[in-house]
Amino acid sequence: MKDFLVCIDSDGTAMDTMTIKHQRCFGPLIIPTWKLENYQKEILERWDEINLFSNLRGINRFSGLQIMLNEINEKYQKIDDLDSYNNWCNNTMIFSHAELQSYYDINPSPCIKKVLDWSRKVNQEIAKLKPEDKNAFEGVKETMEYIFKYADIAIVSSANKKAVIEEWERCNLLASTNYCMTQEEGTKVECINKLLSLGYNNDKVLMMGDSVEDLKAANANNILYYAIRPKEEVESWKEFKDTIFNLFLEGKYSHR
């Protein structure tokens, strides 16, 4: 629709949902799924460290789980049939529940069955979170409305599409959105590449994210990048609206 495109990550960037999802849904459901009650404290602390406080912040759920299960297998207790899940993770092109389900249908595996159960329950628990626990950061709606006057906007997220759409719709953000690219369309690198194939010039495309994974996706596609700083999200969005976006439109913003 327009010459410029702004890609926006969802959890932790536009939506104040990353911490609550990991601490109430993703991490806790690992424990009963693999019967790890004896190591609950250590595992939950490590899950948060990987997914919230390391350079892997924002990693896809299935990749994060692979790291966690291999550490559990080495340090705490053996994970039955872990090789089957490692094989899928190391070879799949799309990290999504549907893709894993399709693989499982052809290659039944006790470990993968548990991963699918975990992922399904995570989605159910996320859906149960109260609306007030899944809000956009302050200033996001107003900033997106401003951006939308001059640039197209794409959601680029590694999260589940259904959850992303529900959250953005409830926060009245979809009206300022042209595209929704999530795990169903591929990795963030692949999603941005698909958007670029529509004809955008790389110098007129910018990714907004809160993690190293977002930066890597931008760099892999040779587009611009702006960081939403964890714990400074409101200030980051204000800075983007007041200063960075206009520099971007004028061709004077060069951070990659």
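So, here is what we can say about the structure in this document.

Definitions and cut-offs
Residues numbered from 1 in each chain as written. Predicted model: local features only at pLDDT ≥ 70, side-chain atom pairs only at ≥ 80, totals over all residues. Heavy atoms only, no water. Pairing = 2+ DSSP bridges. Helix = DSSP H or I, 4+ residues; strand = E, 2+ residues; numbered from the N terminus. Axes fitted to C-alpha atoms, helices over the stretch in contact; angles between N-to-C directions. Contact = heavy atoms within 4.5 Å. Salt bridge = Lys/Arg side-chain N within 4 Å of Asp/Glu carboxyl O. Buried < 20%, exposed > 50% of the residue type's maximum accessible area, 1.4 Å probe, protein only. Right-handed = clockwise from strand over helix to strand, strands pointing away. Phe/Tyr/Trp six-rings, centres within 6.5 Å; stacked < 30°, edge-to-face > 60°. Lys NZ or Arg CZ within 6 Å of the ring centre and 35° of its normal.

## Examining the sheet that holds strand β3 (residues 179-181)
Note: strands within a sheet are paired through backbone hydrogen bonds, in either parallel or antiparallel orientation. Strand order in the open sheet formed by 5 strands is β3-β2-β1-β4-β5, and the pairing between neighbours is parallel. At either end of the open sheet lies a strand with only one pairing partner, and these are β3 and β5 (224-227). When strand polarity is set aside, the average angle formed by the axes of neighbouring strands in this sheet is 25 degrees. Across 4 bridges, strand β1 (residues 4-8) lies against strand β4 (residues 205-209) in parallel orientation. Bridging across to β4, leucine 5 finds its partner in valine 205. Sitting on the sheet, helix α10 (residues 212-220) is in contact with β4 and β5, with an inclination near 165 degrees to β5.

## Some words on the environment of aspartate 133
Inspection of the secondary structure puts aspartate 133 in the loop between α6 (110-128) and α7 (140-148). For the pair aspartate 133 and lysine 21, spaced 112 residues apart in sequence, the C-alpha to C-alpha distance is 9.3 Å. When neighbours within four sequence positions are excluded, aspartate 133 is seen to be in contact with Asp16, Thr17, Ile20 and Arg24.

## Focus: the pattern of salt bridges
Applying the stated criterion across every chain yields a total of 21 salt bridges. Residue aspartate 11 pairs with lysine 21 through a salt bridge whose shortest N-O separation is 3.1 Å. Of this pair, aspartate 11 sits in the loop between β1 and α1 (18-33) while lysine 21 sits in helix α1, and the two are 10 residues apart along the sequence. One exposure class covers both aspartate 11 and lysine 21, and it is buried. Taken together, the shared-partner salt bridges connect Asp9, Lys188 and Asp214 into one network.

## Remarks on the pairing of β4
A large share of β4 lies buried, amounting to 5 of its 5 residues. By the alternation rule, side chains of β4 split into Val205, Met207 and Gly209 and Leu206 and Met208, which are all buried. The pairing of β4 with β5 spans 4 bridges and is parallel. Bridge pairing in β5 places glycine 209 opposite alanine 227. Remark: the β4/α10/β5 crossover connection has right-handed handedness.

## Brief notes about unusual backbone geometry
The backbone phi angle of asparagine 172 is positive, close to 60 degrees, even though this residue is not glycine. Position of asparagine 172 relative to the elements: it lies in the loop between α8 (161-170) and β3. Despite not being glycine, asparagine 222 shows a phi value in the positive range, around 55 degrees. A relative accessible area of 43% means that asparagine 222 is categorised as partly exposed.

## Examining the packing of aromatic side chains
In the structure shown here, the tally under the stated rule is 14 aromatic pairs. Taking 5.8 Å as the distance between ring centres and 85 degrees as the angle between the ring planes, the aromatic pair formed by phenylalanine 62 and tryptophan 88 counts as edge-to-face. Of the two residues, phenylalanine 62 sits in helix α3 (residues 61-75) while tryptophan 88 sits in helix α4 (residues 82-91), which places them 26 residues apart along the sequence. Its relative accessible area of 0% is what places phenylalanine 62 among the buried residues. A relative accessible area of 3% means that tryptophan 88 is categorised as buried. The interplanar angle of 50 degrees and the centroid separation of 6.4 Å between the aromatic rings of tyrosine 150 and phenylalanine 245 together place this pair among those described as tilted. In this pair, tyrosine 150 sits in the loop between α7 and β2 (151-156) while phenylalanine 245 sits in helix α11 (residues 233-249), placing the two residues 95 residues apart along the sequence. Note on tyrosine 150: relative accessible area 39%, which makes it partly exposed. In textbook terms, an aromatic cluster arises when at least three aromatic residues are bridged by ring pairs, as seen for Phe4, Tyr146, Tyr150, Tyr226, Phe240, Phe245 and Phe248. Across the ring face of tyrosine 146, the terminal group of lysine 241 is positioned such that the distance to the ring centre comes to 5.1 Å.

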